[in-house]
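Notes for the structure review
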Amino acid sequence: MSHTACSYILDKLKAIENPVLGLSTGATPEGLYRYLIQSYQEKKVSFQNLKTFNLDEYINLDKNHPNSYFHYMQKRFFQYVDILEENQNLPNGKAENLKAECQAYEDKISQAGKIDLQVLGIGVNGHIGFNEPGTAFTSRTHVVTLDDCTRTANAKYFASLNEVPSKAITMGIKTIMESKEIVLLVTGRKKASALKRLLNGEVDEEFPASILKIHPNATIIADEKALIELS
Ligand code: PGA
C-alpha cells in the first residue's frame, strides 16, 4: 500500500511545478513517508518546491511534545528531506485565539491556491482528519472535541488515556473536498468495516468519509487486510 501510494503521489507531484500537498499523520502514512524519504535519498525527487498542509493538530500539546503532529512530521518526514521550513504548514494547537488560528489556516490554504493532492487516512468511526461523525459536510477548519473511540485508538502513543488531548484543530470537510485530488489510504483488519461501509453505504454526515464518494477525483489505496470484508 505504502509503495503504491508513494509512486502514485510522486508521479502526480512531478507533473506540477509548485505542488501543494495535503498530509495526514497516524500509523497509516508512516510507510508512505519512509518511501518518500528513500526516493529523496536516491535522488529521484526533490521537495524544494513543495508546500504542505497537514490536516490537523492536537490542542494544548506543545509543538515539541513527542505526540504533537508537528513533531510527528519532523521525525517521520520533514527532517530527512529538502522541504523548506516555511513551506511546512500545520495548524497551531497552542494558539491563544483558536478561532482566529482556524481562519488563518483557511486563508493560508487559499493563498497557496488549491491543495493539489490531499492524503487521507480513515478512522474506525469513518472520520477524516479529526472530523468526527456528525460534522457538517460544509465545515471549514475548526476546533473539535475528539470522540472517545478516537482518543482510545490514539492512547497507545500516550502514557495513559487521560493524557490524550480531548480537543484538536482540523481542516474542515469542505476544505478537504476542495482539494483537486484525494488519495485515501486504508490499512489493516481494524479498518475493514469502515472501508466496507464507505464503499457500500450512503453519503451521510454520520460517516464523514462517505463524502469522498462525490469527490470528482478520489482514489482509495488499501491493503489486503483492510479489504477483507469486501467480496
Ligand atoms: P491511523 O489513523 O492511521 O493511526 O489509524 C488514521 C485516522 O484516524 O485518520
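Presented here is a report on the structure given in the accompanying data block. (Residues numbered from 1 in each chain as written. Predicted model: local features only at pLDDT ≥ 70, side-chain atom pairs only at ≥ 80, totals over all residues. Heavy atoms only, no water.)

Quick notes on the overall build of the chain
Per the secondary structure count, the chain includes 7 helices and 9 strands. Against the compact-globule benchmark of 17 Å for 231 residues, the chain has a radius of gyration of 17 Å, which places it among compact chains. A principal-axis box enclosing the C-alpha atoms of the chain has dimensions of 45 × 40 × 35 Å. Across the 231 residues of the chain, 52% fall into the buried class. Once local pairs closer than 6 in sequence are excluded, the contacts in the chain between residues at least 24 apart make up 78%. Counting only carbon and sulfur atoms, one obtains 47% of the accessible surface of the chain, whose full area is about 11,100 Å². Here the chain contributes 26 positive and 28 negative side-chain charges, whose respective centroids are spaced 3 Å apart. (Helix = DSSP H or I, 4+ residues; strand = E, 2+ residues; numbered from the N terminus. Rg over C-alpha atoms; globule rule 2.2 N^0.38 Å. Buried < 20%, exposed > 50% of the residue type's maximum accessible area, 1.4 Å probe, protein only. Contact = heavy atoms within 4.5 Å. Areas by Shrake-Rupley, 256 points an atom, 1.4 Å probe, with all protein chains shown as cover. Lys, Arg positive; Asp, Glu negative; His and termini not counted. Charge placed at Lys NZ, Arg CZ, Asp CG, Glu CD.)

Considering helix α7 (residues 192-200)
For α7, the complete set of buried residues consists of A192, A194, L195 and L198. One side of α7 carries all its buried residues, which in axial view fall inside an arc of 160°. Packing partners of the buried residues in α7 comprise β8 (182-186) and β9 (218-222). (Arc of directions from axis to C-beta.)

Side note on the pairing of strand β1 (residues 20-23)
Looking along a regular strand, one sees side chains alternate from face to face of the sheet. A two-sided burial pattern is seen for β1, the buried positions comprising V20 and G22 on one face and L21 and L23 on the other. Where β1 meets strand β2 (residues 51-54), 4 bridges bridge the pair, whose relative direction is parallel. If you follow V20 over to β2, its bridge partner there is K51. The parallel pair β1 and β2, bridged by helix α2 (residues 30-41), forms a crossover whose chirality is right-handed. One ladder, built from 2 bridges, connects β1 with strand β5 (residues 117-120); its direction is parallel. Bridge pairing links L21 to L117 in β5. (Pairing = 2+ DSSP bridges. Right-handed = clockwise from strand over helix to strand, strands pointing away.)

Let's talk about the nonpolar core
Grouped together as the largest cluster of nonpolar side chains are 36 residues, with contacts concentrated most on L21, L32, L36, F47, M73 and F77. Secondary structure elements with two or more residues in this core: α1 (2-14), β1, α2, α3 (69-76), β5 and β8. Sorting elements by how many residues they give to this core places α1 first, with 5 residues. For L21, the residues in contact, after removing those within four places along its chain, are I9, L13, L50, K51, T52, F53, I115, L117 and V119. (Core = buried A, V, L, I, M, F, W, Y, C linked by side-chain atoms within 4.5 Å.)

A few points about the pairing of β5
Taking every second residue as pointing to the same face, both faces of β5 are buried, with L117 and V119 on one and Q118 and L120 on the other. Note that β5 and β8 share 3 bridges and pair parallel. By the bridge assignment, V119 is partnered in β8 with V183.

Some remarks on the site of the ligand
Surrounding the ligand, one finds G26, A27, T28, G121, I122, G123, H127 and K191. With respect to the ligand, the side chain of K191 contributes an N or O atom lying 2.6 Å from an oxygen atom. A total of 280 Å² of accessible area belongs to the ligand in isolation, and the protein chains cover 81% of it. Class assignment of the residues belonging to the shell around the ligand gives a composition of 2 nonpolar, 5 polar and 1 charged. (Near = heavy atom within 4 Å. Polar contact = N/O pair within 3.5 Å; in protein donor to acceptor, adjacent residues only side chain to side chain. Nonpolar A, V, L, I, M, F, W, Y, C, P; charged D, E, K, R; others polar.)

What to know about a negative patch on the surface
A cluster of acidic residues, E202, D204, E205 and E206, forms a negative patch on the protein surface. On the secondary structure map, E205 appears in the loop between α7 and β9. (Patch = residues over 30% accessible without salt bridge, like charges linked within 9 Å, V, L, I, M, F, W, Y side chains within 5 Å. Salt bridge = Lys/Arg side-chain N within 4 Å of Asp/Glu carboxyl O.)

Treat this as a map of the structure, not an account of what it does.
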